[in-house]
Each structure stands twice: as structure tokens, then as C-alpha cells.
Amino acid sequence: MSDINISERQAGDVTILDLAGKVTIGEGSVALRNAIRRLLGEGKNKILLNLGGVGYIDSSGIGELVSSFTAVNKEGGTLKLLNLTQKIQDLLAITKLLTVFDVYDAEGEALSSYN
Amino acid sequence: MKELTLPSRIESVDEAAMLADEFARKNGCGDDVLSAVDLAVRESVANAVKHGNKFDESKKVEMTLECSDESLAITVRDFGTGFSVKDVPDPTDPENLLKVNGRGILFMRSFMDEVEWDNPAGGGLKVKMVKKR
């Protein structure tokens with residue numbers, strides 16, 4: 001059984017990925033990488049990652065968020081984060097990545113920010 | 001004291017974390033300690049498997065867990081070629097922010113009270129991490 005479940009929704013031209021489970025070294029990180037690559041391959045480059053259902057993330061998972069951010073930027077797109085748990089917020093603060101990512105608590109506000 | 005030997009594969013990360021959690025709970029550790037130990041064990045065992053033993057299953061990962069009234073101490077040892085922690089770039093330096101790797105040691109240092117490395121006789125790298133209770 002996979003560590004993570006990733007489901008996809010579309011809101012206008014923004015693709016929302018709802019993540020549930022663990023984004024850790026191994027399956028979780030690989031699943032996120034594959035999902036982002038697939039979206040970019042389909043020309044979908046406005047991506048909102050909903051991390052509300054992510055119970056655990058390690059340094060490998062944080063690295064995968066950075067890798068996703070960079071990959072989307074290279075394609076001229078934008079990747080933003082939604083619904084960080086306190087733990088993920090703490091880890092992004094420690095790594096100073098809160099200065100890199102656009103982070104939102106409300107989906108509507110996040111979607112509006114793409115316009 | 002509990003001693004464990006784990007194979008050099010990714011699945012050992014979950015196994016080590018589960019065993020450490022069980023050990024810490026049995027010894028009455030609180031949520032803060034459990035959370036820090038979970039993260040530190042996952043990062044250190046992942047480093048040992050990936051960067052130390054380089055997924056070579058002929059090399060094992062050794063972990064010890066020791067609890068006292070004051071603290072919980074963990075050691076994780078690999079049998080790789082070792083490295084100098086001083087050579088690991090600061091992941092919070094602006095020029096390193098977008099690097100994919102290199103944050104595990106920062107996490108271990110952030111959540112544990114003491115973290116130190118040494119190169120034991122017989123090779124490899126050993127990290128000792130202490131969390132006060």
C-alpha cells in the first residue's frame with residue numbers, strides 16, 4: 001500500500017493536487033515527483049498543492065517540494081502551497097523555505113492569487 | 001538499552017522509527033520527545049542507508065536506544081566511507097535554498113538537544129543524538 005494518495009481537481013486553469021499520507025523518502029516523494037511531471041507533460045503549470053492531509057514529511061519530502069517548485073518554474077508556471085499543518089510550517093520555517101513558497105490557508109484566496 | 005541491526009534499505013527507516021517510538025513510549029516519554037525522536041531516527045537512518053551504506057545491503061545499520069530519567073539517547077551507525085559534517089553546506093544559506101538535498105542534519109540539530117558525529121574504529125560514521133525529557 002502506498003504511503004501517499006494524490007488526487008487531482010481542476011479549478012479554472014489551476015490544478016489542485018490534494019495530498020493525503022506521508023511525503024517521505026521512497027514512495028511518497030516519488031509519487032509527488034511523478035504527479036508533477038505528469039501535469040507539466042499535460043501543459044498544466046499552475047499547480048496548487050493541498051498539504052492539509054499530509055501527516056508527515058521528512059527532509060526528502062521537503063526536498064521534493066523544492067524540486068517540484070523548481071520544475072514548475074522552469075516551465076513558466078507557478079506552484080503554491082495550501083493548508084500547511086503546524087509541523088510542516090515549522091519545518092519550512094527552519095529551512096527558511098517559507099521565504100520561497102507562496103503559502104495559503106484558504107483555497108479561494110490561493111486560487112485568486114493566480115490571476 | 002536496546003540494540004538493533006537493520007538492513008540498508010528504505011524500509012528500515014519506517015522500521016527504526018516504529019521501534020524507537022515503541023521504546024520511548026515504554027519508557028514514559030512525552031509527545032515532544034516522541035515527535036523529536038521520530039524525526040531524528042528517520043533522518044539519521046535514511047542518511048545511513050542512502051549516504052553512508054549507499055543502499056549496499058551487505059552493510060548494516062546499527063541503532064542503539066538508551067533511556068535515563070533525564071534523557072533519551074540514540075546512536076545510528078553506518079559502515080560507509082564516512083564524511084565530515086563540516087563539509088555539508090548550510091541549507092539555509094540563500095544560495096542553497098533551492099537545493100533538493102542537505103536538510104536532514106539541520107532537522108536533527110533543530111529537534112534534538114545534542115547531536116554529534118564520530119568515525120568509530122572499524123569504519124563508517126556514527127551519530128549520537130540526545131533528547132532531554
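Residues numbered from 1 in each chain as written. Chains lettered and ligands numbered in written order. Predicted model: local features only at pLDDT ≥ 70, side-chain atom pairs only at ≥ 80, totals over all residues.

Enquirer: For this particular structure, what's the right way to read the interface of chain B and chain A?
Expert: One frequently used descriptor of interface size is the decrease in accessible area upon assembly of the parts. If you look at the interface, chain B gives 16 residues, while chain A gives 15 residues. Secondary structure elements with two or more residues in the side of chain B that touches chain A: helix 2 (31-52) and helix 3 (104-111) of chain B. Within the side of chain B that touches chain A, the residues separate by chemical class into nine nonpolar, four polar and three charged. (Contact = placed C-beta atoms within 7 Å. Helix = DSSP H or I, 4+ residues; strand = E, 2+ residues; numbered from the N terminus. Nonpolar A, V, L, I, M, F, W, Y, C, P; charged D, E, K, R; others polar.)

Enquirer: For this particular structure, what's the right way to read the pairing of strand 1 (residues 4-11) of chain A?
Expert: Along a regular strand, successive side chains alternate from one face of the sheet to the other. All names here are of chain A. Relative to strand 2 (residues 14-23), strand 1 runs antiparallel, the two sharing eight bridges. Paired with Glu 8 across the bridge in strand 2 is Leu 17. Remark: two residues form the turn of the hairpin made by strand 1 and strand 2, two consecutive strands paired antiparallel; Gly 12 in that turn has positive phi of roughly 65°. (Pairing = 2+ DSSP bridges.)

Enquirer: Where do I start with the sheet that holds strand 5 (residues 103-104) of chain A in this structure?
Expert: Residue and element names in this part refer to chain A. Spatial ordering of the open sheet is given by 1-2-3-4-5, a layout of five strands whose pairing is mixed. The open sheet terminates on both sides in strands that have one partner only, identified here as strand 1 and strand 5. Relative to strand 3 (residues 46-57), strand 2 is paired through eight bridges, and the arrangement is parallel. Its bridge partner lying in strand 3, Asp 18 is registered against Asn 50. Of the strands in this sheet, strand 1, strand 2 and strand 3 touch helix 1 (residues 27-41), which is tilted by about 170° from strand 2. (Axes fitted to C-alpha atoms, helices over the stretch in contact; angles between N-to-C directions.)

Enquirer: Can you help me understand the packing of helix 1 of chain A against helix 2 (residues 59-74) of chain A in this one?
Expert: Residues and elements named next belong to chain A. In contact at an axis separation of 9 Å, helix 1 and helix 2 are set at 10° when each is read in the N-to-C sense. Between helix 1 and helix 2, the angle falls in the class roughly parallel. Across from Gly 28, Ser 29, Leu 32, Arg 33, Ile 36 and Leu 40 in helix 1, the residues of helix 2 making contact are Ser 60, Gly 61, Glu 64, Ser 67, Ser 68, Ala 71 and Val 72. Of the residues contributing to the contact of helix 1 with helix 2, the split by class is five nonpolar, six polar and two charged. (Parallel < 35°, antiparallel > 145°, perpendicular 65-115°, else oblique.)

Enquirer: Explain the pairing of strand 5 (residues 125-132) of chain B to me, please; I cannot follow it from the model alone.
Expert: All names here are of chain B. Two elements, strand 3 (residues 71-78) and strand 5, share eight bridges in a ladder whose sense is antiparallel. Counted as the bridge partner of Leu 72 is Lys 131 from strand 5. Counted between consecutive antiparallel strands, the loop separating strand 4 (residues 114-118) from strand 5 contains six residues, among which Gly 122 sits at a positive phi close to 100°.

Enquirer: Looking at this structure, how should I read unusual backbone geometry?
Expert: Excluding glycine, residues mostly carry a negative phi; peptide bonds, for their part, are mostly trans. If you check the backbone angles, A:Asn83 has positive phi at about 60° while not being a glycine. Positionally, A:Asn83 belongs in the loop between strand 4 (78-82) and helix 3 (86-94). Given 20 C-beta atoms within 10 Å, A:Asn83 falls into the buried group. Phi is positive for B:Phe55, close to 60°, though the residue is something other than glycine. (Buried ≥ 20, exposed ≤ 12 C-beta atoms within 10 Å, placed from the backbone.)

Note that every value here comes from positions in space, so none of it alone points to a role or purpose.
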